[in-house]
Amino acid sequence: MTRDLLALAPEALLALGAVLGLAVGTWLPPGREGAVRGIGVVAALAAGVVAVAAPVAGPAFGGTFAVDGATAAVRVIVAGAVVVTLVLAGDPSALGGTPDRASPTSARVDTAFAVLLQLSAVGAMLLGGATDLLLLASAVLLAGLPLAALAGLARDGRSTEAALKYFLSSALFGLLALAGTTLLLGLAGATAYPALAGLTGPAPAVGIVLVLAGLLMTAGAVPAHFWVPDAVDGTSPVTGAVLTTTAKVGALVALWRLALAVPGVPVPLLLAIVAVGSMSLGNLAAFAQTSLRRLLAYSTVSQVGYLLVPVVVARETALALPALLGYLAAYVVTNLAVFAVLAARPQALEIGDQRGLARRHPGLAVALAVGLLGLVGTPPTVVFAGKLAGFTAALDGGWAWLAGVAVLNSIASLFYYLRWIAPVFSAGDPVLRDPVAPRARAVAVVLSAVSLVGTVAAVVS
Amino acid sequence: MMWVAPLAVALLLVPVTRREVLLGAWTGLALLEVVLAVVAWTSVGVGYAHEVAVPWIPAFGVGYHLGLDGISAPLVAMTTLVFLAVALYSLRHDPAGDGDTDERRTRGYVLLFLGLEAVSVGVFTALDLVLFFVFFDVSIVLMYFVIAGWGSGARARSALQFFLYTFVGSLVMLLGFLSLAVAVPQITFDIPTLAATNPLADRGVAGMLTLAAIGIGLAIKTPVWPLHTWLPPAHTDAPAGGSAVLAAVLLKMGTYGFVRIALPLLPGPWRGAALVAVVLGVVSVLSGALVALAQRDLKRLVAYTSVNHMGYVLLALGAAGYAAAGSEARVLAVTGATVQMVSHGLVTGALFLLAGTLRERGGTSVIGAWSGLAGPMPRFSWTFAVAAFASLGLPGLSGFVAEFSMLAGSLPAVPVATVLAALGLAITAGLFLRAVQSMLLGDRHLPAAAERPPIRSTGVFRRPVSPDLRVAETTAVGLLLAASLAIGIAPALVTTTIAPAATSVVDLVSR
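As recorded in an unreviewed UniProt entry, chain A goes by NADH-quinone oxidoreductase subunit N and comes from Actinomycetospora termitidis. The annotation that UniProt attaches to chain A under Subunit (unreviewed entry) is "NDH-1 is composed of 14 different subunits. Subunits NuoA, H, J, K, L, M, N constitute the membrane sector of the complex." Word for word, the UniProt comment on chain A under Catalytic activity (unreviewed entry) is "a quinone + NADH + 5 H(+)(in) = a quinol + NAD(+) + 4 H(+)(out)".

As structure tokens, then:
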């Protein structure tokens, strides 16, 4: 029992941080809740350290949860994302709404943000390690529901819409996943992954598809991506960063585990179709956007498509797992860097507002260029290494056409990322005031530097 | 190694804003790189010298593998020399030659060129496909910013066109690399290892598709007709230094890729597709020459002659794929192709710098706007005449050595194509002579801007009193032309280094 609890130490630490933050937050005056974020940062850092140290490895809780390299990677990536977003949230007005000294509110927005973020991160970590359908279904809900509340934190019309959209799709697809779990339980007599190995035929396929639907919604992949643009566009950039990172990391690793768990069901083909759909539709929809948050939202949809490529070949090649984890880490770093650039100037969220940014804030402009070119997969950024690994795995696994489609989509994505970069480095009109949130700028610069030298760091690992 | 030094200097210069420090450090580093390149060259024999091999991403067979051989050493030396010339050329109050003296912009310009030098040296020394690709792609990104930030005319459009075109090509090329890497049992991107195993030897269609992917990527960069359409606008709108580097160094990444990757790693498919290379080469030669004949702008003219000159290289490399033609001639063809890369880099770099001075002095590089320059601009006239003759292949200059060896080496394999390509020589000779005649001779006629009495301003870099080349500019162009002259008079300087490497390339392609 102790061993089981120790196996969950990182999740427990984060949950503890959330509870403690909630308790402390209620005693702090609204608007001055920095301590809660501090607790969250400490908890996330501790979770990351414990995950690396990994006191326990192997299955835990009777085989419902696996502590292995993939779980550790998910824990570290998610914990890192939590730290970064908590730092981002520290800027005034980072969470939407203008800080109005004259009319203080009683809402403890910062506490709510930090606590919900940590709870969702716990869900994401559980997703990454779940090897049992029931745990998987509850992890989907735990990762998803706090995000719905998070999306509604700003309490204006658009953010309410975002929250509602996220909540409805989360509820719908969560129910589908539960229905699939029930079906599979009836067919296999158990919900643990090893028991599913012998399933073949159409009925288990239906069950798996239903479970996949829940995971794809959490990951924001194509048939279940409708919430992504509205949720990201309707909330502050920091919230958008959370919505498109934490849960996604867990969901993709969960997809990888599931794909391996049911060799009798053609999951790879299904995921390949989803991958192609995600990257193509995400790219096509991003072309015409003028709102940067919407553009980024669609770009994350297309990124899920590339992230699914290694999942597709999970059964064929041992390169799939390192490719998936490497790409996930790279994606999180780069995506957070770009969202941090947006968060640094929350008043300028349209393409037209980007003109002349390079002259006014060269550091931010360079960070943005590195981040966007990184999302394309330009060397020497980390996403390049991730894409390279993913495409290599695809070719090695015999899915050459999928790699070809992914390359074509990478080329297409270049157009809309460049549409953003070009005005940043153009001359631009004189602007009287262009304030920049200091923490977000620092985060953007640091993350883009990480994205540049991260590939070199691969030597060490 | 050599490619890290510019990056290190660039990092040191990030907080600096004083123009003198920036330009001084840049020139100093460029000089140091030339010295390093020459020193490194002297120790190149058979095989790779100064080899560094460290595993990088071992799970995917990616390694940090660098080395110099007889083909890359001359190219690295040429690259460093061109960058030195550009650094010297930029020693003035507005380094990009656009009248913008903002010191923060100067810093951006210097940092971009330092980055370009790093990745250019990197491409020519990389012995790992991924490493090659990384350097190759970063060069595109940096050049995009050079053109978009400091160009003229429709620079944003030209820069975007350049970026999209070459970037798309590079991604297609990456697919080819991946297909090569996974074809061996233990996945690897190491070029010498792949060359030794010849992975796609017995897989006909896969080999052809791989070659097509790699070939398209490299052909866009080279550029080969009909994939050359990005080149004229990019060259015309780039700043002088950018055009010089683009033509002299970046185009060579394409042709170098053929010699380093396409021929040795895919020998069977290359022999099968040799005819395609020969035909595309000849078409590039002729169409480049003919279209250049119709150009009125000097920069566009030089840009199209680049298509022409790179066409010879492709022709020679295609001829090297004819196993029946005897290995001696094919070694001569590959050697000539390499000399042509070096020679074209030196000469075209000089021509673009010269065209840049025209545009800076008179606001235009249209040939018709200038005539009778021999009187008011003697230094310009001399250097331009020498560069033009070097470009058209006058004996005694490097262009002759290169073209003679390529044509002589290709003749046994593809006689008809070689004769056709030789026609291109006549056309380029005609168009350069026409340009020399109309610009340097005749009645004195300069654009109004170049005639205006210059404003004297105090400062470290004084504006010139005459429109002629300044000392730094003369030195820059003179260095390049002196190197071309040296190769022309004593071809053995380069051919003795190149020949062993060319022999090994021909041996590899004959398997």
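Participant: Teacher, can you tell me more about the overall build of chain A here?
Facilitator: Assigned secondary structure in chain A consists of 20 helices and two strands. Taking 461 residues into account, the globule formula puts the C-alpha radius of gyration at 23 Å, and chain A, at 21 Å, falls close to it. Each principal axis of the C-alpha atoms in chain A carries an extent, and together these give about 65 × 55 × 45 Å. The long-range fraction of contacts in chain A, counting pairs at least 24 apart against all pairs at least 6 apart in sequence, stands at 81%. For chain A, the accessible surface area stands at approximately 15600 Å², while carbon and sulfur atoms represent 72% of it.

Participant: Please explain the overall build of chain B as it appears in this structure.
Facilitator: Tallying secondary structure elements over chain B gives 20 helices and two strands in all. A principal-axis box enclosing the C-alpha atoms of chain B has dimensions of 70 × 50 × 40 Å. Of all intrachain contacts in chain B linking residues separated by at least 6 positions in sequence, the fraction that spans at least 24 positions is 81%. Surface summary for chain B: the accessible area is close to 16300 Å², and the carbon and sulfur share equals 70%.

Participant: Explanation requested: the confidence of the model for chain B in the structure shown.
Facilitator: The predicted model of chain B averages 86 in pLDDT, with 96% of residues at 70 or higher. Per-element confidence in chain B ranges from a low mean pLDDT of 72 for helix α18 (residues 448–451) of chain B to a high of 92 for helix α3 (residues 72–89) of chain B.

Participant: So what exactly am I meant to see when it comes to the nonpolar core here?
Facilitator: The nonpolar side chains of a soluble globular protein tend to be buried, and buried together. Residue and element names in this part refer to chain A. Leu308 and Trp420 are the most contacted members of the largest nonpolar core, which totals 371 residues. The greatest single-element share of this core, amounting to 19 residues, is contributed by helix α15 (residues 320–344). With residues near it in sequence (within four places) discarded, Trp420 still touches Leu292, Leu295, Leu296, Val338, Leu342, Gln354, Leu368 and Leu372.

Participant: What exactly am I supposed to notice about the packing of aromatic side chains here?
Facilitator: The description of an aromatic ring pair uses the distance of the two centres, along with the angle that the planes make with each other. Residue and element names in this part refer to chain B. Within the structure shown, the criterion is met by 20 aromatic pairs over all chains. Between Trp26 and Phe113 the ring centres are 5.6 Å apart and the planes differ by 35 degrees, which places this aromatic pair in the tilted class. With Trp26 in helix α2 (residues 19–42) and Phe113 in helix α4 (residues 103–125), this pair connects stretches of sequence that are 87 residues apart. Accessibility classification places Trp26 together with Phe113 in one group, the buried group. Plain terms: the ring middles of Phe162 and Trp230 are 5.3 Å apart, the flat faces sit at 55 degrees to each other, and that makes the pair tilted.

Participant: Can you help me understand the side chain of Lys248 of chain A in this one?
Facilitator: Residue and element names in this part refer to chain A. Position of Lys248 among the secondary structure elements: in helix α12 (residues 246–261). Within the buried core, Lys248 has no salt-bridge partner, and the shortest N-O distance to an opposite charge, that of Asp230, equals 15 Å. Other than its neighbours up to four places away in sequence, Lys248 contacts Thr218, Ala219, Thr300, Val304 and Tyr331.

Participant: What's the story with the interface of chain A and chain B in this structure? I'm lost.
Facilitator: Buried accessible area, meaning the area lost when the parts come together, often serves as the stated size of an interface. Listed by partner, the interface residues are 33 residues for chain A and 30 residues for chain B. In total, about 2700 Å² of surface goes out of reach between chain A and chain B, with carbon and sulfur atoms giving 85% of it. Linking chain A to chain B there are zero salt bridges. Counting every contact that joins chain A to chain B gives zero residue pairs in polar contact (both at pLDDT 80 or more).

Participant: Is there a simple way to explain the environment of Asp94 of chain B in this structure?
Facilitator: Structurally, Asp94 of chain B is set in the loop between α3 and α4. C-alpha of Asp94 of chain B to C-alpha of Thr17 of chain B: the two residues are 77 residues apart in sequence and 14 Å apart in space.

Participant: Is there a simple way to explain the UniProt feature "domain: NADH:quinone oxidoreductase/Mrp antiporter transmembrane" (unreviewed entry) in chain A in this structure?
Facilitator: Under the present numbering, the feature "domain: NADH:quinone oxidoreductase/Mrp antiporter transmembrane" (unreviewed entry) in UniProt falls on residues 130–410 of chain A. The distance separating the terminal C-alpha atoms of residues 130–410 of chain A is 32 Å; by composition the span is 77% helix and 0% strand.

Participant: Would you mind showing me how to read the packing of helix α19 (residues 400–424) of chain A against helix α6 (residues 155–181) of chain B here?
Facilitator: For any two helices packed against each other, one specifies the crossing angle of their axes together with the interaxial distance. Close contact between α19 of chain A and α6 of chain B brings their axes to 10 Å; oriented N to C, the two are set at 160 degrees. As the angle between them shows, α19 of chain A and α6 of chain B are arranged roughly antiparallel. Here the hand of the crossing between α19 of chain A and α6 of chain B comes out right-handed. Packed against α19 of chain A, whose contacting residues are Ala403, Gly404, Val407, Ser410, Ile411, Leu414, Phe415 and Leu418 of chain A, the element α6 of chain B presents Leu160, Phe163, Leu164, Phe167, Val168, Leu171 and Leu175 of chain B at the interface. Residues that form the contact of α19 of chain A with α6 of chain B fall into these classes: 13 nonpolar, two polar and no charged.

Participant: Explanation requested: the pattern of salt bridges in the structure shown.
Facilitator: Note that side chains of opposite charge can pair when their charged atoms are close. Counted under the stated rule, the structure contains 15 salt bridges over all chains. When the shortest N-O distance is used, the salt bridge between Lys165 of chain A and Glu161 of chain A registers 3.9 Å. With a gap of four residues between them, Lys165 of chain A and Glu161 of chain A both fall in helix α7 (residues 157–188), about one helical turn apart. Residue class for Glu161 of chain A comes out partly exposed when judged on its relative accessible area of 42%. Here Glu473 of chain B makes a salt bridge to Arg361 of chain B, at a shortest N to O gap of 2.8 Å. Of this pair, Glu473 of chain B sits in helix α19 (residues 471–489) while Arg361 of chain B sits in helix α14 (residues 327–362), and the two are 112 residues apart along the sequence. This pair shows no difference in class: Glu473 of chain B is buried, exactly as Arg361 of chain B is.

Participant: Mind showing me how you'd approach unusual backbone geometry here?
Facilitator: Residue and element names in this part refer to chain B. Along the chain, Thr222 connects to Pro223 via a cis peptide bond; the corresponding omega equals -15 degrees. Mapped onto the elements, Pro223 comes out in the loop between α8 (204–221) and α9 (231–237). Here Trp225 and Pro226 are connected by a cis peptide whose omega angle stands at 5 degrees. Position of Pro226 relative to the elements: it lies in the loop between α8 and α9. Within the chain, His50 stands out as a residue other than glycine whose phi angle is a positive 50 degrees. Within the secondary structure layout, His50 lies in strand β1 (residues 49–57). Its relative accessible area of 36% is what places His50 among the partly exposed residues.

Participant: What is the right way to look at a nonpolar patch on the surface in this model?
Facilitator: Residue and element names in this part refer to chain A. The grouping of Leu145, Leu164, Phe167 and Leu168 at the surface amounts to a nonpolar patch, some 380 Å² of accessible area in total. At three residues, α7 tops the list of elements feeding residues into the nonpolar patch. Relative to the helices and strands, Leu164 resides in helix α7. The class for Leu164 is exposed, based on a relative accessible area of 52%.

Participant: What should I look at first to understand α7 of chain A in this one?
Facilitator: Think of an α-helix as 3.6 residues a turn; residues three or four steps apart then line up on the same face. Residue and element names in this part refer to chain A. For α7, built from 32 residues, the straight-helix expectation of 46 Å at 1.5 Å per residue is met to within 8% by its first-to-last C-alpha distance of 46 Å. For α7, the full list of buried residues reads Ser159, Ala162, Ala163, Tyr166, Ser169, Ser170, Phe173, Gly174, Ala177, Gly180, Thr181 and Leu184. Buried positions along α7 lie against α6 (133–151), α9 (202–219), α10 (227–234) and α11 (237–243). Following α7 by one or two positions, Gly189 adopts a phi angle in the positive range, close to 80 degrees.

Each value, and the rule that gives it
Residues numbered from 1 in each chain as written. Chains lettered and ligands numbered in written order. Predicted model: local features only at pLDDT ≥ 70, side-chain atom pairs only at ≥ 80, totals over all residues. Heavy atoms only, no water. UniProt positions renumbered as here; feature names shortened; annotations may be inferred. Helix = DSSP H or I, 4+ residues; strand = E, 2+ residues; numbered from the N terminus. Rg over C-alpha atoms; globule rule 2.2 N^0.38 Å. Contact = heavy atoms within 4.5 Å. Areas by Shrake-Rupley, 256 points an atom, 1.4 Å probe, with all protein chains shown as cover. pLDDT = per-residue confidence, 0-100. Core = buried A, V, L, I, M, F, W, Y, C linked by side-chain atoms within 4.5 Å. Buried < 20%, exposed > 50% of the residue type's maximum accessible area, 1.4 Å probe, protein only. Phe/Tyr/Trp six-rings, centres within 6.5 Å; stacked < 30°, edge-to-face > 60°. Lys, Arg positive; Asp, Glu negative; His and termini not counted. Salt bridge = Lys/Arg side-chain N within 4 Å of Asp/Glu carboxyl O. Buried area = accessible area lost by both parts, 1.4 Å probe. Polar contact = N/O pair within 3.5 Å; in protein donor to acceptor, adjacent residues only side chain to side chain. Axes fitted to C-alpha atoms, helices over the stretch in contact; angles between N-to-C directions. Parallel < 35°, antiparallel > 145°, perpendicular 65-115°, else oblique. Left-handed = near helix turned anticlockwise from the far one by under 90°. Nonpolar A, V, L, I, M, F, W, Y, C, P; charged D, E, K, R; others polar. Patch = residues over 30% accessible without salt bridge, like charges linked within 9 Å, V, L, I, M, F, W, Y side chains within 5 Å. Expected span 1.5 Å × (residues − 1).

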